[in-house]
Amino acid sequence: MKRFKCIGGCTWWALCVISILLLWRTAECQIRYTIPEELKEGSVVGNIAKDLGLEVSAISSRNLGIASESSKRYFTVDLAKGELVVNDRIDRETLCGQTAACLLPLQIVIENPLQQHRVEVEIQDINDNAPQFHKKEIQLRIAESIAPGARFPLENADDPDVGSNSLNSYTLNKNEHFRLNVKTLNDGRKVPELILEKSLDREKQAVYRLTLKALDGGSPVKSGTALIQVNVQDINDNEPKFGQPLYKATVKESAGSGQSVVTIMATDMDEGVNGEVEYFFGEHTSESVKGAFDVDSQTGEVTVIGKLDYEDVKMYTFDVSAKDKGHPELEGHSSVQIDIIDENDNEPEIKLTSLPRPVSENATIGTAVALLNVKDRDSGDNGKVKLSVAPGYPFKLKPSFDDHYSLVTDSLLDREVNSEYDVKIIATDLGSPPLTTSKTVNVKILDINDNRPEFMHASYDVYVRENNPPGASLFSVSATDKDENKNSLLTYSIADTKFQDIPTSSYFYINAENGTIYSMNSFDYEKFKLFQIVVQAKDQGSPSLSSNATINVFILDQNDNVPTVIYPSASMGSVSHQRMPRSAKMGHLVTKVTAVDADSGHNAWISYRLAEATDSSLFAVNLYTGEVRTKRSVSEQDDASQRLLIEIKDNGEPVQSTTVTVDILIEDGLHEPISDFRQKVTEKDKKNGKITFYLILSLASVSVLSLLTLFILLIKCARNSRGNTGCCIRRDSDGYKNPNRNLQIQLNTDGPIKYVEVLGGDMMSQSQSFGSYLSPMSEFSDLTLVKPSSTLDFKDTLRGLDASLPDSAWTFECQQQKPPNNDWRLPPNQRPGPSGAGPLPEGAGVVAGTGPWPNPPTEAEQLQALMAGANAVSEATATMGPRYNAQYVPDYRQNVYIPGSTATLTANPQQPPQQALPPPQAMPPTDAPKAAQTPASKKKSTKKDKK
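Because the structure is predicted, anything quoted here is derived from the model rather than measured.

Visitor: Outline the overall build of the protein, supporting the account with residue identities and numerical values.
Guide: Along the protein, the regular secondary structure elements total 10 helices and 62 strands. In the protein, buried positions account for 45% of the 947 residues. When contacts within the protein are restricted to residue pairs at least 6 apart in sequence, long-range pairs at least 24 apart make up 69% of them. Only carbon and sulfur atoms are counted for the fraction: they give 51% of the accessible area of the protein, which is about 48,900 Å².

Visitor: Can you lay out the packing of aromatic side chains for me, pointing to particular residues and giving the numbers?
Guide: Here the structure, examined in full by the defined rule, presents 21 aromatic pairs. Look at Y463 and F554: their rings are 5.3 Å apart centre to centre, the planes differ by 20°, and that puts the pair in the stacked class. With a gap of 91 residues between them, Y463 in strand β36 (residues 459–465) and F554 in strand β45 (residues 546–556) connect regions that are remote in the sequence. Residue F554 is classed as buried on the basis of its relative accessible area of 7%.

Visitor: Outline the state of the cysteines, supporting the account with residue identities and numerical values.
Guide: This model, assessed by the stated rule, comprises 1 disulfide. There is a disulfide in this structure between C96 and C102, and the S-S distance comes to 1.6 Å. Classification of the bridge connecting C96 and C102 rests on its S-S torsion, roughly 65°, and on that basis the disulfide is right-handed. Using a relative accessible area of 17% as the deciding quantity, one classes C96 as buried. Judged by relative accessible area, C102 falls into the buried class, the value being 2%.

Visitor: Any details on the nonpolar core? Residues and values, ideally.
Guide: Counting residues in each nonpolar core, the largest one holds 27 residues, and the members touching the most others are F293, F318 and I338. The contact partners of I338, leaving out residues within four places of it in the chain, are A249, V251, V261, F293, V302, K314, M315, Y316 and F318.

Visitor: Tell me about the environment of Y316, residues and numbers included.
Guide: Within the secondary structure, Y316 is located in strand β25 (residues 315–324). In the structure, Y316 is positioned 21 residues away from Q337 in sequence and 5.7 Å away in space, judged by C-alpha atoms. Discounting residues that sit within four places of it in the chain, Y316 has contacts with S288, V289, A292, F293, L308, V336, Q337, I338 and I340.

Visitor: So what's going on with the pattern of salt bridges? Residues and values would help.
Guide: Side-chain pairing between opposite charges can occur once the charged atoms of the two side chains come close. Evaluated as defined, the whole model comprises 24 salt bridges. R32 serves as the salt-bridge partner of E120, at 2.5 Å between the closest nitrogen and oxygen. Residue E120 is located in strand β8 (residues 115–124), and its partner R32 is located in strand β2 (residues 30–36); the two are separated by 88 residues in the primary sequence. Classification of E120 as buried rests on a relative accessible area of 8%. According to the relative accessible area criterion, R32 is buried, its value standing at 13%. With a shortest N-O distance of 3.7 Å, R89 and D91 are connected by a salt bridge. Through salt bridges with shared partners, a single ionic network connects R415, E416, D447 and E484.

Visitor: Hey, could you go over the sheet that holds strand β51 (residues 619–621) for me, with residue numbers and the actual values?
Guide: Across the sheet, which stays open at both edges, the 3 strands sit in the order β48-β52-β51 with antiparallel pairing between neighbours. Edge positions in the sheet fall to β48 (589–592) and β51, since each of these pairs with one other strand and no more. Averaged over all neighbouring strand pairs, the angle between strand axes comes to 20°, with direction disregarded. Both β51 and strand β52 (residues 627–630) contribute to a ladder of 3 bridges, which runs antiparallel.

Visitor: An account of the environment of P394 is requested, with residue identities and associated values reported.
Guide: Structurally, the position occupied by P394 is in the loop between β30 (385–389) and β31 (395–401). Those residues in contact with P394 that lie beyond four places of it in its chain are V408, T409, D410, S411, L413 and Y421.

Visitor: Pulling in residues and values, what's your account of the side chain of S334?
Guide: With respect to the helices and strands, S334 occurs in strand β26 (residues 331–341). Among the polar contacts made by the side chain of S334, one reaches the main-chain carbonyl oxygen of Q244 at a distance of 2.9 Å. Apart from the residues lying within four places of it in its own chain, the contact partners of S334 are F242, Q244, P245, L246, Y247, D319 and V320.

Visitor: Outline the sheet that holds strand β20 (residues 260–263), listing residues and values.
Guide: Here we have 3 strands laid out as an open sheet, ordered β20-β24-β23, and antiparallel in their pairing. At either margin of the open sheet sits one strand with a lone partner, and together these are β20 and β23 (293–295). Between one strand axis and the next, the sheet turns by 20° as a mean value, whatever way the strands run. Here β20 pairs with strand β24 (residues 301–304) via 3 bridges, running antiparallel. Bridging across to β24, S260 finds its partner in T303.

Visitor: Tell me about the confidence of the model for the protein, and name the residues and values.
Guide: Looking at the protein as a whole, the pLDDT averages 74, with 70% of positions reaching at least 70. Confidence drops under a pLDDT of 50 for residues 673–681, and excluding neighbours within four residues, the segment shows 7 contacts in the predicted structure. A low-confidence stretch, residues 725–947 (pLDDT under 50), is modelled with 502 contacts involving residues beyond four sequence positions or located in other chains.

Visitor: Residue-level account of unusual backbone geometry, with values.
Guide: The step from S432 to P433 runs through a cis peptide bond, and the omega angle for that step is -5°. As for its position among the elements, P433 is in the loop between β33 (420–429) and β34 (436–446). Between Y567 and P568 the backbone carries a cis peptide bond, its omega angle lying at -5°. By secondary structure assignment, the location of P568 is in the loop between β46 (564–567) and β47 (575–581).

The rules behind these values
- Residues numbered from 1 in each chain as written.
- Predicted model: local features only at pLDDT ≥ 70, side-chain atom pairs only at ≥ 80, totals over all residues.
- Heavy atoms only, no water.
- Helix = DSSP H or I, 4+ residues; strand = E, 2+ residues; numbered from the N terminus.
- Buried < 20%, exposed > 50% of the residue type's maximum accessible area, 1.4 Å probe, protein only.
- Contact = heavy atoms within 4.5 Å.
- Areas by Shrake-Rupley, 256 points an atom, 1.4 Å probe, with all protein chains shown as cover.
- Phe/Tyr/Trp six-rings, centres within 6.5 Å; stacked < 30°, edge-to-face > 60°.
- Disulfide = S-S within 2.5 Å.
- Core = buried A, V, L, I, M, F, W, Y, C linked by side-chain atoms within 4.5 Å.
- Salt bridge = Lys/Arg side-chain N within 4 Å of Asp/Glu carboxyl O.
- Pairing = 2+ DSSP bridges.
- Axes fitted to C-alpha atoms, helices over the stretch in contact; angles between N-to-C directions.
- Polar contact = N/O pair within 3.5 Å; in protein donor to acceptor, adjacent residues only side chain to side chain.
- pLDDT = per-residue confidence, 0-100.

In structure tokens form, the structure reads like this:
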């Protein structure tokens with residue numbers, strides 16, 4: 001790295017040295033160091049102190065310094081170590097350029113004594129520079145007609161490095177048209193040149209891009225590149241060429257004028273005017289094509305100029321040509337095929353191949369009705385048709401083949417619901433948007449006899465007054481048949497039934513054509529109260545159908561019976577003989593006349609009147625009960641024998657009446673058995689008290705149950721106020737308000753007969769009145785229930801009597817029954833018979849009080865009177881309850897039944913409970929009145945069975 005040599009020669013240096021030698025005496029010697037360029041700052045070049053033979057400690061004291069010809073201080077001396085170190089970046093190319101040897105001279109000056117030493121630092125080149133071209137891109141223009149072998153000089157590259165690190169060679173990227181040749185000039189520079197190896201064709205490749213690379217000889221090798229662009233110049237040697245021999249395009253048939261279909265394009269490999277192309281129709285293009293399309297000569301765009309219709313022309317094919325503007329003019333050819341796209345512009349068409357035929361309503365499912373087919377001129381999905389039957393028709397379509405269908409039944413038919421159908425067939429194609437068309441097919445339904453005649457009601461109620469004239473028209477029934485023609489023609493007849501072993505046709509006749517019913521006989525209410533006729537309506541179909549209706553003929557009572565006297569009975573003679581003591585006081589009960597009327601309702605209301613009397617001031621007859629009582633005390637002046645003529649008449653129109661004669665013998669010394677009776681009553685006071693307690697308890701229970709029932713019915717009626725329910729307020733249409741009657745207990749203790757009457761119920765309900773009599777001849781534990789009394793609902797009488805009755809709350813009923821005859825619906829104060837009581841008519845006078853009965857009847861007589869009274873009442877109430885037979889007569893002496901309560905008071909505990917009566921329909925009607933079971937006895941036995 002260092003080297004020494006003696007300087008001997010240069011003039012300039014010699015002058016310097018002489019000057020120095022003149023000033024100092026110094027021995028000079030040259031030192032050379034060799035270092036590579038681009039050393040880092042602080043790098044050690046050499047130990048200058050050691051090389052100069054100086055001690056390191058003397059360097060600082062002698063002020064060793066460095067002088068350089070360069071303006072920059074590239075080196076410095078480390079005084080502590082005596083080393084020469086790099087102080088700045090050293091670039092050989094900047095200091096020496098292309099010079100092969102690069103020396104950097106330094107002057108080392110030392111004082112005490114003053115000495116100067118020359119030091120040279122040789123800077124060696126390193127390969128830190130790559131070859132570079134002055135232009136990064138080199139442009140060459142070469143005509144495509146130049147022959148191979150032509151040479152084209154290129155710009156050379158420069159490399160600042162020297163020696164082996166300088167430019168060494170050139171390379172060219174591999175290609176088939178060009179190669180690289182490098183020439184060495186006299187000055188040693190290497191110059192590259194491009195040689196054409198193969199003919200050029202601009203139409204194939206108009207531009208060639210080559211890469212020229214310059215390499216140096218350093219290690220590692222560095223290089224520089226330049227881009228060579230060879231532009232091939234054109235000549236008109238190519239005709240226009242289309243991109244494809246056949247252009248295919250599609251267009252919708254609805255395309256409007258000016259719509260672009262396809263753009264044809266031809267290319268000419270030439271450039272300039274040689275490559276400019278114009279487009280034309282082929283020479284043999286038809287007029288239909290030219291009328292539908294046009295070709296733009298500049299752009300080659302094919303547009304629509306006429307109307308297209310897929311159904312007329314589905315495809316257009318024609319030739320086109322392209323010509324350039326070169327010399328000579330060159331031309332290219334191609335073809336165009338345009339397919340017309342079908343659009344959904346045609347509605348489906350439905351055609352009937354056979355007329356629809358009528359179908360029977362009993363036709364099986366799948367029966368063919370009509371044949372039809374459908375077609376659509378469009379194609380693809382636009383021509384596919386979906387055929388269906390509109391909803392709501394009992395038909396469907398069954399495909400046959402292709403687009404042919406059969407219209408068949410899809411469900412059972414009913415001519416009575418629809419006698420014909422206008423079946424709507426809907427055809428919809430699958431286009432977008434879909435098109436729909438429809439066709440209506442009329443199908444008539446033929447009738448069969450599948451409906452029975454129908455009456456408006458299953459049963460009818462007819463009311464006929466008794467003693468009607470034979471042959472009178474009673475009622476007319478009619479039925480309807482939903483079928484038509486002969487299947488709906490009806491005939492009426494009476495079914496072959498019997499009434500009391502006599503055919504019904506013996507009583508009634510019906511007109512077979514219009515259903516009018518006539519009576520064959522005159523009816524007697526007392527014999528027949530109800531007829532049931534079964535009327536049959538039959539059509540004339542095949543097979544014929546029929547239905548029945550029941551006609552309930554209720555016979556209404558007329559006042560055609562005279563009241564019949566039960567007591568005194570006829571067996572006692574025409575005159576009744578009674579005895580009474582002369583000590584009788586006012587109101588003394590002498591006797592009681594009892595009569596019944598075979599009629600019912602108002603016609604059976606009986607009133608009593610004293611027609612004649614020996615002394616009319618002594619006796620009075622109760623208008624309703626028939627009780628004969630004294631009007632004053634008997635005096636000694638009164639005759640011992642008194643005769644009374646009592647008139648008994650009903651309330652019918654016209655009035656029927658009869659009379660009974662009563663002879664009364666007034667005897668002295670005849671005592672009443674009342675004292676003994678009262679004594680026995682006193683002895684049995686506790687037992688009677690219990691009975692009274694039970695009665696009061698029963699009445700309280702009835703009141704509580706009635707209030708609870710009333711509350712429940714009010715809730716039900718409020719919920720069902722909009723509906724037609726069975727719970728309603730009984731109000732007549734004429735405004736008559738039916739007041740509820742509270743229970744009343746009437747206790748009679750005077751006279752020989754002791755009885756208590758329990759009255760209750762409203763005017764329109766089935767309330768009962770019970771009279772219980774105590775006979776002085778019987779045991780004191782016995783109670784005799786004389787008879788129940790029913791009520792009637794005749795509105796005229798109720799309106800007349802309503803003013804005398806106390807008002808109360810409304811009556812609610814939960815299960816309404818429509819009785820054929822409401823004669824039994826009478827309140828207690830309006831019932832006929834011995835226990836009736838009611839308001840006095842005008843002019844009735846004062847009703848006499850009660851008194852002792854001097855000659856009490858025996859128990860056999862009482863039972864006979866009870867049975868007769870029950871039979872009389874049963875005649876008035878037979879339309880709603882069964883007739884009373886002897887075997888159903890309860891023992892009235894043992895039980896007391898309280899209406900509206902489930903309690904039965906039994907005075908004799910040894911008596912077994914009564915058996916419940918059979919239902920009313922099980923009781924056969926009879927002609928003659930018999931002992932009838934009252935509703936009270938029926939309820940009593942039923943309640944006892946429940947207990």
